[in-house]
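Notes for the structure review
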Amino acid sequence: MNEFISVFDTGAANFAAFKGIREEIYDLETAVKRHMDAGLTAEDMEKARSVYAGVQAADRILAALAEKM
């Protein structure tokens, strides 16, 4: 994983940094889905679903911010 970048660090004028954050969120979503598809215990699947929901929420937040750019 890369160095942490806050969406507030991007600024409205820095679309390239914002796009990078969205790509990283997509990569996280893909990695979690791949991990879930590999077969998990019921307890681990519950945790993975929580992580996946968090990643999806982050993507929705970034999409909403993108509309305002």
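Scroll up for the structure.
Cut-offs applied
- Residues numbered from 1 in each chain as written.
- Predicted model: local features only at pLDDT ≥ 70, side-chain atom pairs only at ≥ 80, totals over all residues.
- Heavy atoms only, no water.
- Helix = DSSP H or I, 4+ residues; strand = E, 2+ residues; numbered from the N terminus.
- Buried < 20%, exposed > 50% of the residue type's maximum accessible area, 1.4 Å probe, protein only.
- Contact = heavy atoms within 4.5 Å.
- Salt bridge = Lys/Arg side-chain N within 4 Å of Asp/Glu carboxyl O.

Bringing the overall build of the chain into the picture now. Helix and strand counts for the chain come out as three helices and zero strands. Each helix and strand of the chain, placed in order from N terminus to C terminus, yields the pattern α-α-α. Expressed as a percentage of its 69 residues, the buried residues of the chain come to 19%. Taking the intrachain contacts of the chain between residues at least 6 apart in sequence as the baseline, contacts between residues at least 24 apart amount to 54%.

Another aspect to go through is the pattern of salt bridges. As a working rule, side chains carrying opposite charge can pair if their charged atoms are close by. All told, the structure shown has two salt bridges when counted by the stated rule. Of the charged contacts, one joins Glu 43 and Lys 47 as a salt bridge, the two residues approaching to 3.4 Å between their closest N and O atoms. Residue Glu 43 and its partner Lys 47 are both found in helix H3 (residues 42–68); the two are separated by four residues, about one turn of the helix. Among the residues examined, Glu 43 registers a relative accessible area of 53% and is labelled exposed. A relative accessible area of 49% places Lys 47 in the partly exposed class.

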